[in-house]
Amino acid sequence: MKKIRAIISGGGTGGHIFPAVSIAGELMEANPENEILFVGAEGRMEMEKVPAAGYKIVGLPVAGLQRKFTLSNLALPFKVLKSVRMAGKIIDRFKPDIAIGVGGYASAPLLWCACRKGIPTLIQEQNGFAGLTNKILGKKADRICVAYDGMEKFFPAGKIVKTGNPIRKDIVPATAAMKADAIGCYSLDPDRKHLFIVGGSLGSGTLNRSVQEWIKAGCPGGEDIELLWQCGKYYKPSVDAFMEEARAKGLGGETLRYIHWFDFIKRMDLAYAAADAVVSRSGASSVSELAAEHKAVIFVPSPNVAENHQTHNAMALVRKNAAMIVPDAEAPQRLMEEACGLLGDKEKIAGFEKNIATFARPDAAKKIVEEIYRLV
């Protein structure tokens, strides 16, 4: 394919960053001479994760609007104006053939400027309920790649292409050999049932509390269960302290020995491979990866997201009997009871695995790159 220059903008969370990096990787596979520049928000996760993936990134001072009044909201218009001016200069210097937005407020100034300058633009909307930034940008964008049906209520129908969400290439259904590698990697007991608890790239206070309440209650139903638990970097010190106290008080009984917690799990492919079932938030990337892995999952949608989009994501699967859902407010009381029950029901697990597989789109990044080349 011909050489192109592409700017990819957006970020803020792993749910935006990982799809963006997947698209970049597919572009480089299409032509190793392609040139890619990322544009993100200063101080956010993308400023660390994108360079770690081998790509150059430029930060804008743009920030999001806080839901409650804060002094930082007063500075927002000035940050937006400065970001728009900077975005225009970045475009003039880099001279992209296309601008790609993956969501998050960092994509707004860059794509707005690209549209004004007549540069082809493509939006990748990961969620089943479009975010405000993408809804605004979608009116001017040339193409909108989506993962869910019914997105015509947010975007012009003629611009929509259903591609699915890009995921990491190592996220595939686990073979017996992969599961054995995973068991060895995390020093798990092969005779136990394995539950993977993951609260997104930053961890989840609700999921952590749910596990802690279960331990305080003596780990009911956990006699033959082993936990792999990503608690998050921010929460790790408090979880460490809790687990130390639990050991001292003898909480959780024998099961406590089979609870393994980490601030961040780098080898998600192995964590998924080890798991007989998963408890997860329902960000778009998590949903797409779990579908690609054909995993039985209980979703606990985060209530702290715009337009409650995680609930929309999860319900798309729940309605097809492809997953379970436990509301965030109910999780500390009943999540682990539901998880233990699921692990004991092989027939239910098999049904979820079969149904969630129909949502898998392993070639999403390739389809998006095909649309990029059509526009260019």
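Residues numbered from 1 in each chain as written. Predicted model: local features only at pLDDT ≥ 70, side-chain atom pairs only at ≥ 80, totals over all residues. Heavy atoms only, no water.

UniProt, in the comment section headed Sequence similarities (unreviewed entry), describes the protein chain in these words: "Belongs to the glycosyltransferase 28 family. MurG subfamily." We quote the UniProt Subcellular location (unreviewed entry) comment for the protein chain here in full: "Cell membrane". (UniProt positions renumbered as here; feature names shortened; annotations may be inferred.)

As a further point, take the packing of helix H7 (residues 205-216) against helix H12 (residues 331-343). The relative placement of two packed helices is expressed as an angle between their axes plus a distance between the axes. At a minimum axis separation of 8 Å, H7 and H12 run at an interaxial angle of 75°. Considering their axes alone, H7 and H12 lie roughly perpendicular with respect to each other. Note on element contacts: H12 touches H7 through Ala331, Pro332, Leu335, Met336 and Cys340, opposite Thr206, Leu207, Ser210, Val211, Glu213 and Trp214. Of the residues belonging to the contact of H7 with H12, the class tally is 8 nonpolar, 2 polar and 1 charged. (Axes fitted to C-alpha atoms, helices over the stretch in contact; angles between N-to-C directions. Helix = DSSP H or I, 4+ residues; strand = E, 2+ residues; numbered from the N terminus. Parallel < 35°, antiparallel > 145°, perpendicular 65-115°, else oblique. Contact = heavy atoms within 4.5 Å. Nonpolar A, V, L, I, M, F, W, Y, C, P; charged D, E, K, R; others polar.)

Take the state of the cysteines next. Each disulfide is one covalent bond, formed between the sulfur atoms of two cysteines. Under the defined criterion, the tally for this structure stands at 0 disulfides. Of the cysteine sulfurs around Cys231, a residue in no disulfide, the closest is that of Cys219, at 16 Å. Judged by its relative accessible area of 0%, Cys231 falls in the buried class. In this model Cys340 remains outside any disulfide bridge; the closest cysteine sulfur is found in Cys219, 8.2 Å from its own. Here Cys340 falls in the buried class, since its relative accessible area comes to 12%. (Disulfide = S-S within 2.5 Å. Buried < 20%, exposed > 50% of the residue type's maximum accessible area, 1.4 Å probe, protein only.)

Once that is clear, we can look at the sheet that holds strand E10 (residues 259-262). Each strand in a sheet pairs with its neighbour through backbone hydrogen bonds, running either in the same direction (parallel) or in the opposite one (antiparallel). Read across the open sheet, the 6 strands follow the order E10-E9-E8-E11-E12-E13; overall the sheet is parallel. Edge positions in the sheet fall to E10 and strand E13 (324-325), since each has one partner strand and no second. Pairing between strand E8 (residues 193-198) and strand E9 (residues 225-230): 6 bridges, direction parallel. Along E9, the bridge assignment pairs Val198 with Gln230. Sheet strands touched by H12: E8, E9, strand E11 (277-280), strand E12 (297-299) and E13. Its angle to E8, the strand with the most contacts, is close to 145°. (Pairing = 2+ DSSP bridges.)

Right, let's get into helix H14 (residues 364-375). Three or four residues apart is the spacing at which side chains of an α-helix point the same way, because the helix has 3.6 residues per turn. In a regular helix each residue adds 1.5 Å, so 12 residues correspond to 16 Å; H14 covers 17 Å between its end C-alpha atoms and thus fits that length. Looking only at H14, the buried set comprises Ala364, Ala365, Ile368, Val369, Glu371, Ile372, Tyr373 and Leu375. (Expected span 1.5 Å × (residues − 1).)

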